[in-house]
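Here are the chains, one letter per residue:
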Amino acid sequence: MTEPLSGRNIAVAVGGGIAAYKACDLVRELRRAGAEVRVAMTKGACEFITPLTMQNLSGHPVFTDTFDSAQDQHYGHLTLAKWADLFVIAPATADLLARIKGGLGNDAVTTTLLAFRGPVLLAPAMNTAMWEHAETQANVTALLAQPKYRMVGPASGPLADGDVGMGRLAELKDIVQATVTLAVSGPLAGKRVLITAGPTREALDPVRFISNPSTGKMGLAVAEVARAQGAIVTVVLGPVETPAPKGVEVVRVTTADEMLAAVMSRVESVDVFVAAAAVSDWKAEQVSAVKEKKGDGPQTITFVRTPDVLATASAKVHGNPKRPLLVGFAAETNDVEAYAKGKLEKKRLDLIVANDVSKAGAGFGTDTNSVIVFDRAGEALRSTGTKREVAKDLWGLLHPRLHSTHGVG
Ligand code: CTP
């Protein structure tokens, strides 16, 4: 069983209140639930607990200062905002709530939140009078009117200052539970996604094969983001070293024929099929059972075509009353647009993600990519960045299409 938050990137933002010490345990609990956690702290939070504590508990440097160029460059507001799937603000103090409501960007936490497009869970904690203050109540009401904000707590009980009343940070288990609920209610909640990734390998004899340098990174990034957004993900993965993301079912295959079999038995029960694998186009007509001995002269091997996994799957699902969205990749070195559009038509796809693999920073083995996505109407998206960022943009493009009827006939 996978942990409830495995594969999720969660940013914990800590405000400056006495309950900040509880945020330390919250980071541990979220990690125990499977999440990757990074932390941002306000200046006030750093008065209560140290960034070093949070660095040790989260396993990552902590973002505390937008004007520290070393921080901002490597794990600062834009990086953290792009990385996170979800933000948990704990404790959300009266001051922090006011600044978020006001759209301010005057510290590490608020600048990051301004750049963040995903869901935010507020876990307020403060003295009862501050909680009940009309301005605080107005700020909370205004924030919760926006769909991206949710709240857990505050709870009622004894407070740090000796008062008893409303304002305690919610119990950690309740914050974790609210995080899980929010995380699995992402834009792909409950959607089933099938992805092919990596190369295939076609044997010539027991010790030789034909293949290509694909590392599977792009397909695995598409899988990771889908899982983080709530999808149930299966990756049919060729032979690669790249580790698969947590929380994703992996079906290991070696050859194009094996990939085809794994895809055909699953494709009719998914909502989206993304073919990111670099399938070997040829295999040897005869595979020698023993190691071929080399002669002095040239060697002739007859290659035959492997099955086209994507085209075969597309043919199978077309005509079904409800078919998955079909997304292909086109790795090209020239005439990118024309070839990509040709594949979109020929394989009867909804989208094709085209990249020029001859460009630096795009294609096999890199951590970055630069793509143009086409649909039947023409260019639909351009995206450049880490493969995870490109994958996020791709899912952003797919969300509205998933909720409308699938259809190119
Ligand atoms: N594809 C596939 N099975 C194959 C070949 C390709 O599923 N045997 C899929 C890829 O995963 C990708 C798309 O088809 O989503 C296009 O792959 P690409 O290798 O760029 O194109 P090909 O159709 O193989 O054409 P060519 O190699 O001639 O450019």
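Residues numbered from 1 in each chain as written. Predicted model: local features only at pLDDT ≥ 70, side-chain atom pairs only at ≥ 80, totals over all residues. Heavy atoms only, no water.

A.B. asks: Report on the domain arrangement of the protein, specifying residues and quantitative values.
C.D. replies: Partitioning the protein into structural domains gives domain 1 (9-184) and domain 2 (192-402). Domain 1 puts eight residues into the contact, and the matching count from domain 2 is six residues. Between domain 1 and domain 2, roughly 520 Å² of surface is buried when both sides are summed, and carbon and sulfur atoms account for 33% of that area. The tally of links from domain 1 across to domain 2 stands at two salt bridges. Notably, a salt bridge pairs D85 with R388, separated by 3.7 Å at the nearest N-O pair. The tally of links from domain 1 across to domain 2 stands at two residue pairs in polar contact (both at pLDDT 80 or more). A per-class count over the side of domain 1 that touches domain 2 returns four nonpolar, two polar and two charged. (Domains from an automatic or database assignment. Contact = heavy atoms within 4.5 Å. Buried area = accessible area lost by both parts, 1.4 Å probe. Salt bridge = Lys/Arg side-chain N within 4 Å of Asp/Glu carboxyl O. Polar contact = N/O pair within 3.5 Å; in protein donor to acceptor, adjacent residues only side chain to side chain. Nonpolar A, V, L, I, M, F, W, Y, C, P; charged D, E, K, R; others polar.)

A.B. asks: Describe in detail the sheet that holds strand β4 (residues 120-124), supporting the description with residues and values.
C.D. replies: The strands that make up a sheet pair up through hydrogen bonds in the backbone, lying either parallel or antiparallel. Strand order in the open sheet made by the five strands is β2-β1-β3-β4-β5, with parallel pairing throughout. Each end of this open sheet is capped by a strand with a single partner; those strands are β2 (36-41) and β5 (149-151). The mean inter-strand angle of the sheet, taken between neighbouring strand axes irrespective of direction, is 25 degrees. Pairing of strand β1 (residues 9-14) with strand β3 (residues 86-92) involves four bridges; the strand directions are parallel. Within β3, the position partnered with A13 by the bridge is I89. The sheet contacts of helix α1 (residues 20-32) involve β1, β2 and β3, and relative to β1 the element is tilted by about 175 degrees. (Pairing = 2+ DSSP bridges. Helix = DSSP H or I, 4+ residues; strand = E, 2+ residues; numbered from the N terminus. Axes fitted to C-alpha atoms, helices over the stretch in contact; angles between N-to-C directions.)

A.B. asks: Mind laying out the site of the ligand, listing which residues take part and the relevant values?
C.D. replies: The immediate surroundings of the ligand are formed by 15 residues, with A275, A277, L310, K343 and K347 found nearest. One nitrogen or oxygen atom from the side chain of D308 is found 3.4 Å from a nitrogen atom belonging to the ligand. One of the backbone nitrogen or oxygen atoms of L310 is found 2.8 Å away from an oxygen atom of the ligand. Relative to its unbound accessible area of 560 Å², the ligand is 77% covered by the protein chains. Elements with a minimum of two residues in the shell around the ligand: α13 (309-317) and β16 (325-332). The dominant element in the shell around the ligand, judged by the number of residues it contributes, is β16, at four residues. (Near = heavy atom within 4 Å. Areas by Shrake-Rupley, 256 points an atom, 1.4 Å probe, with all protein chains shown as cover.)

A.B. asks: Requested: an account of helix α15 (residues 387-403), with residues and values cited.
C.D. replies: Owing to its 3.6 residues per turn, the α-helix aligns residues three or four sequence positions apart on the same side. Across its 17 residues, α15 extends 25 Å between first and last C-alpha, which sits within 8% of the 24 Å expected from 1.5 Å per residue. The sharpest bend along α15 comes to roughly 25 degrees, located at L397, with the proline P400 sitting one to four residues further on. (Expected span 1.5 Å × (residues − 1). Bend = angle between axes of the 7 residues up to and from the residue.)

A.B. asks: Give me unusual backbone geometry: which residues, what numbers.
C.D. replies: Following A90, the chain continues to P91 via a peptide bond in cis, the omega torsion being -10 degrees. Note on placement: P91 falls in strand β3. With an omega of 0 degrees, the peptide bond running from G153 to P154 counts as cis. By the element assignment, P154 lies in the loop between β5 and β6 (155-158). Here D335, not a glycine, exhibits a phi torsion of approximately 45 degrees, which is positive. Inspection of the secondary structure puts D335 in the loop between β16 and α14 (336-346). A residue is classified by how much of its surface remains accessible, and D335, at 52% relative accessible area, is exposed. With phi around 55 degrees, R348 is a residue other than glycine that occupies positive phi space. Within the secondary structure layout, R348 lies in the loop between α14 and β17 (351-356). (Buried < 20%, exposed > 50% of the residue type's maximum accessible area, 1.4 Å probe, protein only.)

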